[in-house]
There are 4 protein chains.
Amino acid sequence: MDRELLLKGSRRLGWAEAHMSVLREIGERLEKNESLRGVKVGMALHVEAKTGMLAVTLAKAGAKVRLASCNPLSTDDSVSLALKEERGIEVYARRGESNTEYYENLNSVLDMRPDFVIDDGADLITMLHTVRREQLEEIKGGNEETTTGVIRLKAMARDGKLKFPVMAVNDARMKYLFDNRYGTGQSTFDGFMNATNLLIAGKELVVAGYGWCGRGVAMRAKGLGANVIVTEVDPIRAIEAKLDGFQVLPMMQAVRQADIIITVTGCKDVVRKEHLSVIKDGCVLGNSGHFDNEISKKALEEVAAPPVRVREQVERYDLTNGRKVYLISEGRLMNLASGQGHPVEIMDMSFSIQALSLEHLVRNHASMAPNVHSVPPEMDELVARIKLKTMGLSIDELTPTQKKYLDDWQEGT
Amino acid sequence: MDRELLLKGSRRLGWAEAHMSVLREIGERLEKNESLRGVKVGMALHVEAKTGMLAVTLAKAGAKVRLASCNPLSTDDSVSLALKEERGIEVYARRGESNTEYYENLNSVLDMRPDFVIDDGADLITMLHTVRREQLEEIKGGNEETTTGVIRLKAMARDGKLKFPVMAVNDARMKYLFDNRYGTGQSTFDGFMNATNLLIAGKELVVAGYGWCGRGVAMRAKGLGANVIVTEVDPIRAIEAKLDGFQVLPMMQAVRQADIIITVTGCKDVVRKEHLSVIKDGCVLGNSGHFDNEISKKALEEVAAPPVRVREQVERYDLTNGRKVYLISEGRLMNLASGQGHPVEIMDMSFSIQALSLEHLVRNHASMAPNVHSVPPEMDELVARIKLKTMGLSIDELTPTQKKYLDDWQEGT
Amino acid sequence: MDRELLLKGSRRLGWAEAHMSVLREIGERLEKNESLRGVKVGMALHVEAKTGMLAVTLAKAGAKVRLASCNPLSTDDSVSLALKEERGIEVYARRGESNTEYYENLNSVLDMRPDFVIDDGADLITMLHTVRREQLEEIKGGNEETTTGVIRLKAMARDGKLKFPVMAVNDARMKYLFDNRYGTGQSTFDGFMNATNLLIAGKELVVAGYGWCGRGVAMRAKGLGANVIVTEVDPIRAIEAKLDGFQVLPMMQAVRQADIIITVTGCKDVVRKEHLSVIKDGCVLGNSGHFDNEISKKALEEVAAPPVRVREQVERYDLTNGRKVYLISEGRLMNLASGQGHPVEIMDMSFSIQALSLEHLVRNHASMAPNVHSVPPEMDELVARIKLKTMGLSIDELTPTQKKYLDDWQEGT
Amino acid sequence: MDRELLLKGSRRLGWAEAHMSVLREIGERLEKNESLRGVKVGMALHVEAKTGMLAVTLAKAGAKVRLASCNPLSTDDSVSLALKEERGIEVYARRGESNTEYYENLNSVLDMRPDFVIDDGADLITMLHTVRREQLEEIKGGNEETTTGVIRLKAMARDGKLKFPVMAVNDARMKYLFDNRYGTGQSTFDGFMNATNLLIAGKELVVAGYGWCGRGVAMRAKGLGANVIVTEVDPIRAIEAKLDGFQVLPMMQAVRQADIIITVTGCKDVVRKEHLSVIKDGCVLGNSGHFDNEISKKALEEVAAPPVRVREQVERYDLTNGRKVYLISEGRLMNLASGQGHPVEIMDMSFSIQALSLEHLVRNHASMAPNVHSVPPEMDELVARIKLKTMGLSIDELTPTQKKYLDDWQEGT
C-alpha cells in the first residue's frame with residue numbers, strides 16, 4: 001500500500017469533514033432517528049473527498065454502502081484508498097479506469113443487492129433497467145444528482161419505463177441554485193488553470209449553454225477577466241445572456257473567434273465537425289457537462305491526426321486544415337478530471353439534500369409512484385436554515401402584521 | 001394648453017415608438033387579426049411614454065381604451081397631454097394627484113364600462129370587487145402587471161373572491177426575468193441619481209428583498225461601485241445573496257451602517273420604527289416597490305419633525321434622536337417618481353406580453369375559470385423570437401440528432 | 001424673478017453644502033489662516049451646485065470671486081440664480097448661451113482684474129494669453145481642473161508662451177483618480193439615462209479612450225450590463241482594456257456594431273466622416289470629453305440632413321446613406337448637459353484640492369516659474385485624511401518595525 | 001532519473017514555449033543582433049516553465065546562463081529536470097530546499113562569475129553586496145523583477161551602497177500593470193483552490209495591501225464571488241479601494257470577520273500577534289507577497305501548538321485561545337508554492353521586458369550610474385506592439401490633424 005497516497009487521502013477526507021457542517025448535523029439527525037439502520041445503498045458518484053464524506057455519513061447512520069465512480073476520470077485515488085483503509089467503505093473506482101472497468105465497478109455496486117441507489121448521470125439506474133432488470137423489484141428507490149440524469153430519467157418515465165421512484169435531487173433549490181451555479185463556476189476554472197496555466201483575462205471565452213451550470217461558468221469567466229460569448233438554443237435564455245452583458249452568437253460564428261470553449265449543455269455534439277472546420281487556431285476546448293460527448297471526439301478524430309499529449313491534462317489535435325486545437329482531460333468534465341471538483345461547502349449543501357432525500361425514500365417509498373419526484377420544499381428550507389447557522393448569518397422574519405398583509409388583498413394605494 | 005409640454009410629450013412618445021419594435025410587430029398582428037376590434041379596455045398603469053404606446057397600440061388595433069394612472073406620483077404630464085391631443089387616447093391622470101383624485105381617475109376608467117381591464121398593482125381590480133361590484137358581471141377578464149398585484153389577486157382567488165379570469169402577466173418569463181430585474185435595476189438608479197446627485201460608489205447600500213427586482217437593484221448597485229448589503233426573510237434567497245458576494249444582515253443591523261436603503265420587497269413596514277431608532281445619520285431612503293408603504297411614513301412621522309424639502313425629490317426628516325434621514329419621492333417608487341421608469345426596450349417586451357395576454361383573454365375568456373392564469377409559454381417564445389430578431393441576434397438550433405438524444409435515456413458513459 | 005427656480009437652486013446649493021464635508025473643513029482652515037483675504041479670483045467652471053459651493057467657500061474665506069461658465073450647455077440656471085440672490089456671488093452664465101455670450105461672460109470675469117484664475121479647459125487662460133494680454137502681468141497664478149486643459153497648458157509652456165504659474169489640479173491623485181474615473185463614470189450614465197431612457201444592458205457600447213475618464217465610463221457601462229468595446233491609440237492602454245475584459249477594436253470596426261458610442265479622449269474628430277459612412281443604423285452618440293469636437297459635428301452636417309430634435313436632449317441625424325444616428329446634447333459633455341454632473345462627494349474632493357492649490361499659489365506664486373506645477377503630495381494626503389474621516393473609516397498605520405523594514409535592504413529570505 | 005518527471009517537465013516547457021510569442025520574437029531579435037553573445041548571466045528566479053523559457057531564450061541568443069531559485073518552495077522539479085536534461089541549462093534548485101541549500105544554490109550561480117544578474121526579490125544582489133563583495137567589480141549590471149526587490153535596491157542606493165546599475169524591470173508598465181495585477185490576481189486563486197478546494201463565493205476575504213498586486217487579488221476575489229475587505233496604510237489607496245466597492249478596515253477589525261486573509265503588501269508582520277488574539281476561528285491565511293514574513297510565523301508559533309498538516313499544502317495552528325487558523329504553503333507565495341505561478345501569457349510580457357532590459361544593460365552599462373534605472377518607455381511600447389500583434393488586435397492611430405491638435409493650445413470652445 002502507498003503510505004503517502006493514503007496520508008494524502010486521509011487528510012483530504014478529514015479536511016472535507018471539517019468543512020461540511022451541514023452534512024454533519026443532518027448525519028447526527030439520521031443517526032439519532034435510525035431511519036437508515038440496515039438499509040443497503042448502492043452509490044455511483046465522483047469518488048473524491050466530499051462524496052467520500054457522504055458515504056461515511058450514511059454508513060455512520062447505520063446504512064450499508066458501496067461506492068463506485070460515475071466517471072472514469074474523476075476518481076481521487078488517494079481518497080478511494082483512505083475510504084477503504086480508514087473508514088471501512090467498500091469502494092470500486094480507479095482514476096483512468098477503462099470503460100470495461102467502469103461498468104464492472106457499477107456491477108460490483110449492484111452485486112450488493114442494494115435497496116436504494118444514489119446515482120449521478122443515471123448510468124446505474126439505466127443499468128438496472130437494462131442489463132440488470134432482475135434486480136428491479138428489489139430496488140425501492142433512488143436519488144439522482146445531475147441535470148443530465150434527471151433529463152434521462154424523465155424521458156424514461158415518459159416512456160413508462162421507470163420502475164421505481166427517484167428523487168430529483170438536482171432540482172432542489174438548495175442543490176441546483178448553488179452546486180450547478182457556484183460549484184461548476186468555480187471548479188471549472190480550478191480545472192482549467194490546473195490543466196493549462198493559461199491566462200483567462202482578455203480571452204474570448206465561449207460558454208455553450210446558459211442553464212444554471214452555464215451561467216455559473218459565464219459569471220466566473222467574466223469575474224476572471226474573460227470576454228464571454230454565450231451560445232444557446234433557448235431564445236429566452238439567449239436574451240438573458242445578452243442582457244447579462246455577454247455576447248450571444250451561434251456556435252458557427254463563436255468558434256471563429258474563440259480562444260477557449262467550455263461546454264455545459266447536457267447535450268451532445270455541441271462542438272462538432274462543421275465547427276472544427278472554421279475554429280480558431282490554438283483554441284482550447286474543455287467540457288464541464290456530465291458526459292464526454294459535448295465536444296465530439298469522433299469529429300476530432302475525423303478531422304485531425306491522432307492527438308499528442310502536450311501537458312498532463314491537455315492533448316493537441318493537429319487538424320488537417322493546418323490549425324490545431326487543445327482538448328482538456330479528453331473532453332471529460334474538467335472540473336473533476338483536471339481539478340478537485342466542486343468546493344467543499346457547496347457539496348455540503350448538495351449532499352445534505354442527498355441524505356435527506358434518501359431518508360425520505362426510506363420512509364415513503366411504499367406510497368411513491370415509479371416516477372421522478374421533487375424534493376419537498378421543507379427539506380430545502382431545513383438545509384438552508386442549518387447552512388445559514390453554520391455561516392453565522394441571521395436574517396429577518398416577517399412580523400405578524402406583514403404576514404397578514406401578504407395574505408390580504410384589500411390594502412392598496 | 002402648454003405647447004412646450006405638448007412638444008416634450010410628443011417627442012417622448014415618438015421616441016418610445018421608435019424603440020419598441022416588438023410591440024410594433026405584435027400590434028400589426030393584432031390589427032390584422034382584428035381580435036381587439038371594438039373591445040373596451042380599461043387601463044390603470046404608470047402614465048408615461050411606454051405605457052402610452054401600449055394604449056396607442058391597442059387603440060390602433062381597434063380597441064376602445066381609457067387610461068388612468070396606477071400611482072399618484074408616476075404620471076408624466078407631457079405624455080398624458082400628447083396622448084390626449086395627438087393620439088386620441090382618453091387619459092385620466094395628473095402627476096401629484098391627491099388620493100381622492102387618484103380614485104376618481106380609476107372610477108373614470110371604470111365608467112367606460114370596460115370588457116377587460118389592465119391593472120398594475122391590482123387597485124382597479126380590487127375596486128371592481130369592492131365599491132364597483134355592480135360591474136363585475138360585465139368584466140370578462142384582466143391582466144396584472146406586477147408581483148405585488150399577482151400576490152394580491154392570488155390571495156383574492158384563495159379566498160374565493162376573484163370573479164373573473166386574470167392573466168398573471170408579471171409571471172411570464174419574458175416579463176419578470178427582464179422587467180423586474182434589468183428594468184428595476186436600471187431605473188432605480190436613474191431615479192436615485194436624478195433625485196440626489198450623490199455618489200453610489202463606495203456607499204453602504206442596503207437592498208431590502210432579493211426577489212427578481214431586488215437582485216436587479218443589487219446587481220446594478222454593485223455595478224455602480226456600492227458595497228451592497230441584502231436583507232431577506234427567505235433563507236434560500238439569503239444564501240444566494242451571500243454567494244453572489246453581498247453582505248446579508250437583518251435590517252436592525254443593516255440600518256446602523258447604511259448610507260442608502262432601497263426597498264423592493266412587495267411587503268409593508270420593511271423600514272419601521274425600531275429601525276429608525278438606530279439608523280445611521282444621513283441615510284437616504286428610497287423605495288422601488290409598488291406601494292409607498294415599504295418605508296413606513298407613519299413611523300417617520302412618529303419619530304421626526306415634519307419633513308423639510310431639501311431637493312426637488314428629497315425630504316429631510318429630523319429625528320427626535322438628533323439624527324436625520326432623507327426620503328426620496330415620498331417613499332413612492334423612485335424609478336418612476338424621480339426617474340423616467342424602466343428603459344424603453346424593457347417595456348417593449350413587457351407590453352408585448354400585455355397585448356398578447358389581452359388577445360388571449362379576448363379569445364378564451366369564456367372557458368377560463370375566475371382565477372389567476374399563467375401566460376402560455378408559446379407567448380414567451382414568440383416575444384423572445386421577435387426580440388432576438390430586433391436585436392439582430394441569431395442563435396443555435398438543436399439538430400435532429402440532438403433532439404433525439406435529449407429524448408433518449410439509453411445513451412450513457 | 002422666478003421664485004420656483006430660485007427655490008430649486010437654493011435647495012441644490014444647500015444639498016451640496018450638506019454633502020461637501022471635506023471642502024467645509026478646508027474652508028474653515030482658509031477662513032482661519034486668512035490667506036485668501038482680499039484676493040481676487042476669476043473662475044470659469046461648470047456653473048452648478050458643487051462649483052457654486054467652491055465659489056461660496058472661497059468668498060467666505062475672504063476672497064472676491066466672479067464666476068462664468070466654462071461651457072455653454074452646462075449651467076444650472078437655478079443654481080446660478082441662487083448664487084446671485086442668496087449667496088452674493090457674481091455669476092455670468094446662462095444655460096444655452098451662444099458662443100458670443102460665452103466669451104462675453106469670460107470677459108466679464110476678466111474685467112474684475114483677478115489676481116488668480118481657476119479654469120476648466122483653459123479657455124480663460126488662453127484668453128489671457130491672446131486677446132487680453134494686457135492683464136497678463138497682473139495675474140499671479142491659475143488652477144486648471146481638466147486633463148484637456150493641462151494638455152493645452154503644457155503645450156503652451158513647451159512653446160514658452162505660458163506667462164504665470166499654473167497648478168495642474170487635474171493631475172493630483174485625489175482629483176484624477178476619483179473625479180475622472182468614478183465621477184465621469186457615474187455622471188455619464190446619469191446624463192445618458194436622462195437623455196434617452198434607453199436600456200444599457202445588452203448594448204454594444206463603445207468607449208473611445210481608455211484614460212482615467214474612459215476607464216470610469218467603461219467600468220460603469222459594464223456594471224450596467226453593456227458589452228463594452230474600447231478604442232485606443234496607446235498600445236499599452238489597449239492591452240489593459242483587453243485584459244480588463246473589454247473588446248478592443250479600431251473605431252472603423254467598432255462603429256459597425258455600436259449601439260452607443262461615448263467619447264472621452266480629450267482629442268478631436270474621434271468619430272468622423274469615414275466612421276459615419278459605416279456606422280450602425282440607430283447608433284446613439286454622446287460625448288463626455290471636455291470639448292464638443294470629439295464627435296465631429298462638421299462631419300455630421302456634411303453627411304446628413306439638418307438634425308431633428310426627437311427628445312429634449314437628443315437630435316436625430318438622417319444620413320444620406322439612409323441610416324440615422326442620434327446625438328446627445330449637441331455633442332457637449334452629456335454628464336453636465338443632460339445630467340447633473342459629477343456626484344457631490346466627488347467634487348468635494350476635487351474642489352478641496354482646488355482650494356488648497358489656490359492657497360498654495362497665493363503663498364508661493366512669487367517663487368514659482370511660469371510653468372505647469374504639480375500639486376504637492378502633502379495636499380493629496382491632507383485631503384485624503386479628511387475624506388477618510390468624513391467617511392468614518394480608519395486604516396492601518398505602519399509600525400516602527402515595519403517602517404524600518406521598508407527602509408532596510410538587508411533582510412531577505 | 002525519473003522519466004515521468006522529465007516528461008512532465010518537458011511538456012510544461014514546450015507548452016510555455018508555444019504560448020510565449022512575444023518572448024520568441026524578442027529572442028529572435030537578440031539572436032540576430034548578437035548582443036548577448038558570450039555574456040555570462042546569473043539568474044535567481046522561480047524555477048518553473050516560464051522562467052525556464054527565459055533562460056532558454058537567453059542561452060539561445062548566445063548567453064551563458066546559470067539559474068537558481070529565488071524561493072525555497074517555488075521550484076517545479078519537473079521543469080528543473082527538463083531544463084537540465086533537454087535544454088542544457090545549468091539549474092540549481094529543488095522544491096522544498098532548506099535555507100542552507102537555498103543559499104548554496106545562490107552561491108553556485110555566483111560561482112560562474114556572472115557579468116550580469118537577473119534577480120527576483122534582490123537576495124542575489126544583496127549577497128553580492130555582503131558576503132560576495134569580491135565579485136562586485138566584475139558585475140556590470142542587474143535586473144530586478146519585483147516590487148519588493150526594487151524597494152530594497154532603492155534603499156540600498158539611498159544608502160550609497162549599490163555598486164552597479166540595476167534595471168527596475170518591475171516598474172515597467174508592461175510588467176507591473178499586467179504581471180502584478182492580472183498575474184498575481186489569477187495565480188493567487190489557482191494556488192488557493194489547489195491548496196484548499198474551498199468555496200470563494202460568499203466568503204469574507206481580506207486582501208492586505210492595495211498596490212498593483214493587491215488590486216489584482218481583490219478584483220479576482222470579487223470576480224469569484226467573495227465579499228472583499230481591504231486593509232491599507234496609504235489613505236489615497238484606501239479611498240480607491242472603498243470606491244471600488246470594497247470594505248476598508250484596519251486589520252484588527254478585519255481579522256474578526258475574515259474567512260480568508262491574503263497578504264500582498266511587500267511589508268512584514270502584516271498579520272501579527274495582536275491580530276491572532278482576535279482572529280475568527282477557522283480563518284485561512286495565505287500570502288502572495290514575495291517573502292514569507294507577511295504573516296508572522298514567529299507570532300503563530302508563540303500563540304499556537306506546533307502546526308498539524310491537514311492537507312498537502314495546508315497546516316492547522318491550534319491557538320491557545322481555543323481557535324484554529326489554517327496556513328497555506330507555510331506562508332510562502334501561494335501562487336507558486338500551491339499553484340503554477342502566473343499565467344504563461346503574462347510572463348511572456350514580463351520576460352520580454354527582462355530580455356530587453358538585459359540587452360539594454362549589455363549595451364549601456366558603461367555609462368550607467370550605480371543606481372536603480374527605469375526601463376525606457378520605448379521598450380514598453382515595443383513589447384506592447386508585439387503583444388497586440390500576437391493577440392490579433394489592431395488599434396487606432398492618431399491622424400496628423402489630431403496630433404497637431406494635441407500639440408496646440410489655441411483651439412478651444
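Numbering of residues starts from 1 in each chain and follows the order in which that chain's sequence is written. Chain labels run from A onward and ligand labels from 1 onward, assigned in the order the entries are written. In keeping with the model being predicted, local features are shown solely for residues with a pLDDT of at least 70 and side-chain atom pairs are shown and tallied solely at 80 or more, while totals for entire chains, interfaces and linings include all residues. The basis for the side-chain values is all heavy atoms of the structure; hydrogens and waters are excluded.

Enquirer: Would you explain the packing of helix 8 (residues 173-196) of chain D against helix 9 (residues 212-223) of chain D in this entry?
Expert: The description of two packed helices rests on the angle between their axes and on the distance between the axes. Residue and element names in this part refer to chain D. To define axes, lines are fitted to C-alpha atoms, for helices over the stretch in contact only, and angles between the resulting N-to-C directions are given on a 0 to 180 degree scale. Runs of H or I in DSSP of at least four residues are treated as helices and runs of E of at least two as strands, each being numbered from the N terminus. Between helix 8 and helix 9, the shortest axis-to-axis distance is 7 Å and the interhelical angle comes to 45 degrees. Comparing their axes, helix 9 and helix 8 come out oblique. Crossing geometry of helix 8 relative to helix 9 is assigned as right-handed. Along the contact surface, helix 8 presents Tyr 176, Leu 177, Asn 180, Arg 181, Tyr 182, Thr 184, Gly 185, Gln 186, Thr 188 and Phe 189, while helix 9 presents Trp 212, Cys 213, Arg 215, Gly 216, Val 217, Met 219, Arg 220 and Ala 221. For classification purposes, angles smaller than 35 degrees are called roughly parallel, those larger than 145 roughly antiparallel, those between 65 and 115 roughly perpendicular, and all remaining angles oblique. For a crossing to be left-handed, the near helix must be turned anticlockwise from the far one by less than a right angle; the clockwise case is right-handed. We call two residues in contact whenever any of their non-hydrogen atoms come within 4.5 Å of each other.

Enquirer: In this structure, what is going on with helix 10 (residues 235-243) of chain C? I would like to understand it.
Expert: All names here are of chain C. Burial analysis of helix 10 places eight of its nine residues in the buried class, the great majority of the element. Only protein chains enter the accessibility calculation, which uses a 1.4 Å probe. A residue is then buried if its area is under 20% of the maximum for its type, exposed if over 50%, and partly exposed in between. Of the residues making up helix 10, those classed as buried are Pro 235, Ile 236, Ala 238, Ile 239, Glu 240, Ala 241, Lys 242 and Leu 243. Here a polar contact is taken to be a pair of N or O atoms separated by no more than 3.5 Å, where protein atoms must pair a possible hydrogen donor with a possible acceptor and residues adjacent in sequence count only if both atoms sit in side chains. If you check the start of helix 10, you find a side-chain oxygen 2.9 Å away from the backbone N of Ile 236, and it comes from Asp 234. Two residues or fewer after helix 10 comes Gly 245, characterised by a positive phi angle close to 95 degrees.

Enquirer: What is the right way to look at the pattern of salt bridges in this model?
Expert: Where side chains of opposite charge bring their charged atoms close, a pairing between them can arise. The working definition used for a salt bridge is a side-chain nitrogen of Lys or Arg within 4 Å of a carboxyl oxygen of Asp or Glu. Considering all chains together, one arrives at 141 salt bridges over all chains under this definition. Linking A:Glu90 and A:Lys64 is a salt bridge whose minimum nitrogen-to-oxygen distance equals 3.7 Å. In this pair, A:Glu90 is assigned in strand 3 (residues 90-92) and A:Lys64 in strand 2 (residues 64-69), connecting sequence segments 26 residues apart. You can call A:Glu90 partly exposed: its relative accessible area is 29%. A salt bridge links B:Glu345 to C:Lys203; its shortest N-O distance comes to 2.4 Å. With B:Glu345 in helix 15 (residues 344-364) and C:Lys203 in the loop between helix 8 (173-196) and strand 7 (204-208), the pair connects residues from two separate chains. Given the relative accessible area of 7%, B:Glu345 is considered buried. Taking the relative accessible area as the measure of exposure, C:Lys203 reaches 15% and is therefore buried. Taken together, the shared-partner salt bridges in this structure form one network comprising A:Arg12, A:Asp76 and D:Glu312.

Enquirer: Got a minute to help me understand the relation of the copies chain B and chain A in this structure?
Expert: Between the two chain copies there is a screw-like relation: a rotation about an axis and a shift along it. Only residues with pLDDT of at least 70 in both copies contribute their C-alpha atoms to the least-squares superposition of the copies. Placing chain B over chain A gives an RMSD of 0.0 Å and needs a rotation angle of 180 degrees, together with 0.0 Å of translation along the axis. Put plainly, the chains are arranged around a two-fold axis.

Enquirer: Mind showing me how you'd approach the domain arrangement of chain A here?
Expert: Interface size is commonly expressed as the accessible area that is lost once the parts come together. Residues and elements named next belong to chain A. Segmenting chain A into domains produces domain 1 (3-175 + 342-390) and domain 2 (183-337). Taken together, the contacts link 18 residues of domain 1 with 15 residues of domain 2. Contact between domain 1 and domain 2 buries roughly 1300 Å² in total, counting both sides, with carbon and sulfur atoms accounting for 60%. The interface formed by domain 1 and domain 2 contains zero salt bridges. Our enumeration of links across domain 1 and domain 2 arrives at five residue pairs in polar contact (both at pLDDT 80 or more). For this scheme, ten residues count as nonpolar: Ala, Val, Leu, Ile, Met, Phe, Trp, Tyr, Cys and Pro. Four count as charged, namely Asp, Glu, Lys and Arg, and the remainder, Gly too, count as polar. When its residues are assigned to classes, the side of domain 1 that touches domain 2 shows five nonpolar, eight polar and five charged. The start and end points of each domain follow an automatic or database-based domain assignment. In short, buried area is how much 1.4 Å probe accessible area vanishes from two parts on joining, totalled over both.

Enquirer: Help me out: how do you make sense of the interface of chain A and chain C in this one?
Expert: The interface of chain A with chain C comprises 14 residues on the first partner and 14 residues on the second. Broken down residue by residue, the surface that chain A buries against chain C is led by A:Asn227, A:Lys242 and A:Leu243, which jointly contribute 38%. Taken together, the connections running from chain A to chain C amount to two salt bridges. For the salt bridge of C:Glu204 with A:Lys242, the shortest nitrogen-to-oxygen distance reads 2.8 Å. The tally of links between chain A and chain C comes to two residue pairs in polar contact (both at pLDDT 80 or more). Per-class residue counts for the side of chain A that touches chain C are five nonpolar, five polar and four charged.

Enquirer: Which parts of the structure should I look at to understand the pairing of strand 7 (residues 204-208) of chain B?
Expert: Residue and element names in this part refer to chain B. Among the five residues of strand 7, five are classified as buried, and the element is accordingly described as predominantly covered. Covered by surrounding structure in strand 7 are Glu 204, Val 206 and Ala 208 together with Leu 205 and Val 207, the residues of both alternating faces. A pair of strands is treated as paired once DSSP finds two or more bridges between them. Of the strand pairs in this sheet, strand 7 and strand 10 (residues 260-263) are connected by four bridges, and their pairing is parallel. Within strand 10, the residue paired with Ala 208 across the bridge is Thr 263.

Enquirer: Looking at this model, I keep getting lost on the packing of aromatic side chains. Mind explaining?
Expert: The way to describe two aromatic rings as a pair is by their centre distance and the angle between their planes. A pair of aromatic rings is counted whenever rings of Phe, Tyr or Trp (Trp by its six-membered ring) have centres within 6.5 Å, and the orientation is called stacked for planes under 30 degrees apart, edge-to-face for over 60 and tilted otherwise. Following the criterion strictly, the structure yields 20 aromatic pairs over all chains and no others. Seen in terms of ring centroids, D:Tyr176 and D:Trp212 are 5.2 Å apart; in terms of plane orientation they differ by 50 degrees. Their pairing is tilted. With D:Tyr176 in helix 8 and D:Trp212 in helix 9, this residue pair connects regions lying 36 residues apart in the sequence. When its relative accessible area of 30% is taken as the criterion, D:Trp212 is described as partly exposed. Taking NZ or CZ as reference, C:Arg215 lies 5.5 Å from the ring centre of C:Trp212, over its face. Criterion for a charge above a ring: Lys NZ or Arg CZ within 6 Å of the ring centre, and within 35 degrees of the ring normal. Its guanidinium or amino end placed over the ring of D:Phe246, D:Lys222 lies 5.2 Å from that ring's centre, counting from NZ or CZ.

Enquirer: Would you take a moment to explain the relation of the copies chain A and chain C for this structure?
Expert: Mapping chain A onto chain C calls for a rotation angle of 180 degrees and an axial translation of 0.0 Å; the resulting RMSD is 0.0 Å. Counting the interface residues of chain A, we find that 100% of their copies in chain C are interface residues as well, pointing to one common contact surface.

Enquirer: Hey, could you run me through the environment of D:Ala384 in this one?
Expert: Residue and element names in this part refer to chain D. Following the sequence through the fold, Ala 384 ends up in helix 16 (residues 377-391). Ala 384 sits in the buried class, given a relative accessible area of 0%. For Ala 384 and Arg 173, which are 211 residues apart along the polypeptide, the C-alpha to C-alpha distance reads 9.6 Å.

Enquirer: Please clarify how the interface of chain B and chain A should be interpreted in this entry.
Expert: With 77 residues of chain B at the contact, the number on the chain A side is 77 residues. Interface area, chain B with chain A, both sides summed: about 6400 Å², of which 62% is carbon and sulfur. The largest contributions to the chain B side of the interface with chain A come from B:Ile236, B:Trp409 and B:Thr413, which together make up 15% of the buried area. Across the contact surface, chain B and chain A share six salt bridges. A salt bridge links A:Arg181 to B:Glu240, with the nearest nitrogen and oxygen atoms 2.6 Å apart. Take the side of chain B that touches chain A: its biggest share by element is eight residues, from helix 10 (residues 235-243) of chain B. Each residue belonging to the side of chain B that touches chain A can be placed in one class, and the counts come to 35 nonpolar, 15 polar and 27 charged.

Enquirer: How do you make sense of the sheet that holds strand 5 (residues 141-144) of chain D when you look at a structure like this?
Expert: Each strand in a sheet pairs with its neighbour through backbone hydrogen bonds, running either in the same direction (parallel) or in the opposite one (antiparallel). All names here are of chain D. Within the open sheet, the seven strands sit side by side as 3-2-1-4-5-6-15. Their pairing is parallel. Each end of this open sheet is capped by a strand with a single partner; those strands are strand 3 (90-92) and strand 15 (372-373). Bridging between strand 4 (residues 116-119) and strand 5 involves four bridges; their strand directions are parallel. Bridged to Asp 119 within strand 5 is Glu 144. Packed onto the sheet, helix 7 (residues 147-158) meets strand 5, strand 6 (166-168) and strand 15 and runs at close to 135 degrees relative to strand 5.

Enquirer: Can you help me understand the sheet that holds strand 2 (residues 64-69) of chain B in this one?
Expert: Residues and elements named next belong to chain B. Read across the sheet, seven strands follow the order 3-2-1-4-5-6-15 without closing on themselves; strand pairing throughout is parallel. A strand with exactly one partner marks an edge of an open sheet, and here the two such strands are strand 3 (90-92) and strand 15 (372-373). Here strand 2 runs beside strand 3; their pairing, made up of three bridges, is parallel. Bridging from a neighbouring strand, Ala 68 pairs with Tyr 92 of strand 3.

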